[in-house]
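One letter stands for each residue in the lines below.
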Amino acid sequence: MKNWKLKEIVVMSVLSVVFAVVYLAFLPVGKVLTGFFGPIGYDLIFGIWFIVSIIAAYIIRKPGAAFLSETIAATVEVLLGNAAGPMLLISGMIQGLGAESAFAMTGYRRYNLGTLMFSGMMAAVFSFVWGYFQSGYAALAGGYVLLMFVTRLVSGVILAGVAGKALSDALAKTGVLSGFALGKEKRKKHAA
């Protein structure tokens, strides 16, 4: 975290805490969807659990933002009483690594919609591989597992990548991010 400003650490931490609460709020939604559709129900909305990593990376634009924000969010979720307990820390780190990997592949130079969508997709891939072994997906029919995977990919692209960009851009329009990389980029585009 060298070369990080205090305000970047604070904003990343605040975003992580806020989204930890959002993540907890989505657990009952996932349970209802699982009740209706089976295990694939969670995959329909799984992308929501990647969103803070994409938002933090998009706003701050420094190596580690995606990984750290998701790890902090998972830690806060555990402290708030998520039933998954400490294993959730591993899930959060894996999701954060997935999201972070997309930004690393661009050399931390591209933060366009395509990269944000790819980041959501990579978080989905990493989390699905972890979930395959942790949640026993191998016991399910291969075609169903493939459908779960594709559904999670789409959810990561839409709920994390597209929605994460939309939320961040809306926040930037208010001016509160003027001192951050995203806010500076928006100011340059507006001035041009």
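Here the structure is a predicted model, which means the values were calculated and not measured.

1. A short note on the layout of surface pockets
Roughly 720 Å³ of volume is contained in the largest pocket. Together, 30 residues line the largest pocket, and F46, A84, L88, S91 and S135 are the ones closest to its centre. Sorting the residues of the lining of the largest pocket by element identifies α1 (6-37), α2 (40-45), α4 (65-79), α5 (87-105), α6 (113-134) and α7 (142-173) as the ones contributing at least two each. Top contributing element to the lining of the largest pocket by residue count: α5, with five residues. Among the residues making up the lining of the largest pocket, the classes are represented as 16 nonpolar, nine polar and five charged.

2. Some remarks on α5
The periodicity of an α-helix, 3.6 residues per turn, causes residues three or four places apart in sequence to face the same way. The first and last C-alpha atoms of α5 sit 27 Å apart over 19 residues, in line with the 27 Å expected at 1.5 Å per residue. Every buried residue of α5 is accounted for by L88, S91, G92, I94, Q95, G96, G98, A99, E100, S101, A102 and F103. Of the surrounding secondary structure, the elements contacted by the buried residues of α5 are α3 (51-60), α4 and α6. Downstream of α5 by a residue or two, G107 has a phi angle that is positive, lying close to 70°.

3. Some thoughts on unusual backbone geometry
The backbone of R61 shows a phi angle near 60°, a positive value even though the residue is not glycine. Checked against the element boundaries, R61 lands in the loop between α3 and α4. Positive phi, close to 60°, is recorded for Y108, a residue that is not glycine. Mapped onto the fold, Y108 is located in the loop between α5 and α6.

4. Remarks on a positive patch on the surface
Taken together, K5, K7, K184, R187 and K188 make up a surface patch of like positive charges. Mapped onto the elements, R187 comes out in helix α8 (residues 181-191). Overall, the relative accessible area of 46% leaves R187 in the partly exposed class.

5. A few points about the UniProt feature "transmembrane region" (unreviewed entry) in the protein chain
In the UniProt entry, the feature "transmembrane region" (unreviewed entry) is given for residues 9-28, 40-60, 113-133 and 139-163. Within residues 9-28, the helical portion is 100% and the strand portion 0%, while the C-alpha atoms at the span's ends are 30 Å from each other. Counting secondary structure, residues 40-60 comes out at 76% helix and 0% strand; the distance between its end C-alpha atoms is 33 Å.

6. A closer look at the pattern of salt bridges
Inspection of the entire model under this criterion finds five salt bridges. Its salt-bridge partner being R61, residue E185 comes within 2.6 Å of it at the nearest N-O pair. On the criterion of sequence distance, the pair formed by E185 in helix α8 and R61 in the loop between α3 and α4 is long-range, its members being 124 residues apart. Among the residues examined, R61 registers a relative accessible area of 16% and is labelled buried. Linking D169 and K186 is a salt bridge whose minimum nitrogen-to-oxygen distance equals 3.2 Å. Of the two residues, D169 is situated in helix α7 and K186 in helix α8; the sequence distance between them amounts to 17 residues. Take D169: its relative accessible area is 13%, and that puts it in the buried class. Classification of K186 by relative accessible area gives partly exposed; the value is 24%.

Quick notes on the rules
Positions within a chain are numbered from 1, following the residues in the order the chain's sequence is written. Thresholds applied to this predicted model are a pLDDT of at least 70 for local features of residues and 80 or more for the giving and counting of side-chain atom pairs; totals over whole chains, interfaces and linings are not thresholded and use all residues. Derived side-chain values reflect all non-hydrogen atoms in the structure, with water molecules and hydrogen atoms excluded from consideration. Site definitions follow a grid-based scheme: protein atoms alone, a 1 Å grid, a 1.4 Å probe that fits but cannot get out for cavities, and for pockets an open set with protein on both sides within 12 Å along at least five of seven lines, plus lining residues having an atom within 4 Å of a point. Grid points are joined across faces, edges and corners, and a volume is the space filled by probe spheres set on the points. Here a strand is any run of E in DSSP of at least two residues, a helix any run of H or I of at least four, and the numbering for each starts at the N terminus. Gly is placed with the polar residues, together with every amino acid not listed as nonpolar (Ala, Val, Leu, Ile, Met, Phe, Trp, Tyr, Cys and Pro) or charged (Asp, Glu, Lys and Arg). One less than the residue count of a helix, multiplied by 1.5 Å, gives the span that helix is expected to have. Only protein chains enter the area calculation, which uses a 1.4 Å probe; residues under 20% of their type maximum are buried, those over 50% are exposed, and those in between are partly exposed. The contact criterion used is simple: two residues touch if any of their non-hydrogen atoms lie within 4.5 Å. Distance thresholds for patches are 9 Å for like charges and 5 Å for nonpolar side chains (Val, Leu, Ile, Met, Phe, Trp, Tyr), applied to residues having over 30% relative accessible area and no salt bridge. Residue exposure ignores everything except the shown protein chains as possible cover, and the areas themselves are Shrake-Rupley values with a 1.4 Å probe. Take a side-chain nitrogen of Lys or Arg and a carboxyl oxygen of Asp or Glu: if they are within 4 Å of each other, that pair is a salt bridge. Positive charges are assigned to Lys and Arg, negative charges to Asp and Glu, while His and the chain termini are left out of the count. The atoms used to mark charge sites are NZ of Lys, CZ of Arg, CG of Asp and CD of Glu. UniProt positions are given in the numbering used here, feature names are shortened, and annotations may be inferred rather than shown by experiment.

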